[in-house]
Every structure is written in structure tokens, then in C-alpha cells.
Amino acid sequence: MRECGTERRRFLLGLGALGAAALLPLPAGAGLSAPVRRLSLYNLHSGEKVTATFWEQGRYLDEGLGSFSRLMRDLRRDEAFPIDPRLFDQLFLLQQRLGRQGEIQVISGYRSPRTNALLHRQGKGVAKKSYHMLGQAIDLRLPGVPLAELNRAARQLGAGGVGYYPGSDFVHLDSGPVRSWG
């Protein structure tokens, strides 16, 4: 029972920190002028789907952000962590750039430090200090969009990190510094 309380405090502290991080701007001209920002996420491993509004009337919406964070939880430990709202802004912009409003397939979202360390030790190609552990990364696909096109569009955003993994059939997107690989 104690671990559950610790987990809740950690989640709430993370939510506060990400709220502050959300005040940091995306690059100039990012095109986030839409009055409502809405996404549909589908977790390929859990089968869960969430369609929610995460931005409206000039502010992020806790309910939508919380639903997305729960869907993107570490399934190995059933541990949720607040996902950086800027990551959802990037996903929204990516869909605008591609002219797609459909479902985003989530391969991986948040990874607890324990899970990340385990996968790193197993040689699964996981970075030791992954942005997934900070709630700042997603590995994704967009149905109907060729992976190379998704990668190109994500890089053109000029926001965060973009990794191209054609052998594993996904693109990594994070809200860290601008960089790309793969």
C-alpha cells in the first residue's frame, strides 16, 4: 500500500513539473494556433484507445493529458507517469503536416527506470538515459503513412529528437533537444 502512495506522489509531482515545462515554447512558427488540440492514441500492446482533447481555450487540459499518460504507461510495471504536453503538441503538429487526423499507434511511451535498465541490459537498443524515463518520448506509427514519410515530416518540425527505426517499423519522437538519427 505504501508503494501506491509513493507512486501517486511521484505522479503528481511529475505532473506539476510538466505543467511548468509546458510553458516553454516550441520553435517559432510552430503553427499551434488551433483553438482545440485533439488526438487519438492506440496502444498496440494493451489494445487501449483514447481520443481526447488536451488543449482548449489557451490551456492544457488535465483530463486529456491524464488519459494519454495512463495509456502511455509502462505496461511491464503498470506504472503511469505524466507525459510532457509538448510531446502531444509535436504529435498534433505532425498530423497537421501530414494532413492526417487519425489514430496514432503507440509502440512505447513512458518507461520506468527499472524497465529501461532491464531493456538496456538485455541489449534491446535502449538508451541508458532515455527520454522515455522522463515522460518525454514516444515510439510510434501512423497507419497509412509510410515510415520514411513519417520520419521526414517529424524531422521537418524542428522540435525535439527524431529517431528512424525502419527495421523495427517505428519512429521515435521526443521533446528533448533538436537532433535526429537513423
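Summarised in this report is the structure supplied together with it. (Residues numbered from 1 in each chain as written. Predicted model: local features only at pLDDT ≥ 70, side-chain atom pairs only at ≥ 80, totals over all residues. Heavy atoms only, no water.)

1. Section: the packing of aromatic side chains
Then, in step 1: Across all of its chains, the model carries eight aromatic pairs by this definition.
Then, in step 2: Aromatic pair phenylalanine 54 and phenylalanine 88: ring centres 5.9 Å apart, planes at 55 degrees, arrangement tilted. Placement of the pair is phenylalanine 54 in strand β2 (residues 49–56) and phenylalanine 88 in helix α3 (residues 85–98), with a sequence separation of 34 residues. Phenylalanine 88 carries the same exposure label as phenylalanine 54, and that label is buried.
Then, in step 3: Taking the ring centre of tryptophan 55 as reference, the NZ or CZ of arginine 37 above it sits at 3.9 Å. (Phe/Tyr/Trp six-rings, centres within 6.5 Å; stacked < 30°, edge-to-face > 60°. Helix = DSSP H or I, 4+ residues; strand = E, 2+ residues; numbered from the N terminus. Buried < 20%, exposed > 50% of the residue type's maximum accessible area, 1.4 Å probe, protein only. Lys NZ or Arg CZ within 6 Å of the ring centre and 35° of its normal.)

2. Quick look at the packing of α3 against helix α5 (residues 147–157)
Relative placement of two packed helices is described by the angle separating their axes and the distance separating the axes.
Then, in step 1: Following both chains from N to C, one finds α3 and α5 inclined at 120 degrees, their axes separated by 10 Å at the closest point. Looking at the two axes, α3 sits oblique to α5. As α3 packs across α5, the resulting crossing turns out to be right-handed. Every residue of α5 that contacts α3 at Gln90, Leu93, Leu94, Arg97 and Leu98 is listed here: Glu149, Leu150, Ala153, Ala154, Gln156 and Leu157.
Then, in step 2: Residues that form the contact of α3 with α5 fall into these classes: seven nonpolar, two polar and two charged. (Axes fitted to C-alpha atoms, helices over the stretch in contact; angles between N-to-C directions. Parallel < 35°, antiparallel > 145°, perpendicular 65-115°, else oblique. Left-handed = near helix turned anticlockwise from the far one by under 90°. Contact = heavy atoms within 4.5 Å. Nonpolar A, V, L, I, M, F, W, Y, C, P; charged D, E, K, R; others polar.)

3. Quick notes on helix α2 (residues 62–71)
Then, in step 1: Turning to α2, its buried residues number three or more, namely Gly64, Leu65, Phe68, Ser69 and Leu71. Buried positions in α2, seen along its axis, are confined to an arc of 160 degrees and lie on one side of it. Turned more than 90 degrees from where α2 packs its buried face, Asp62 and Glu63 sit exposed. (Arc of directions from axis to C-beta.)

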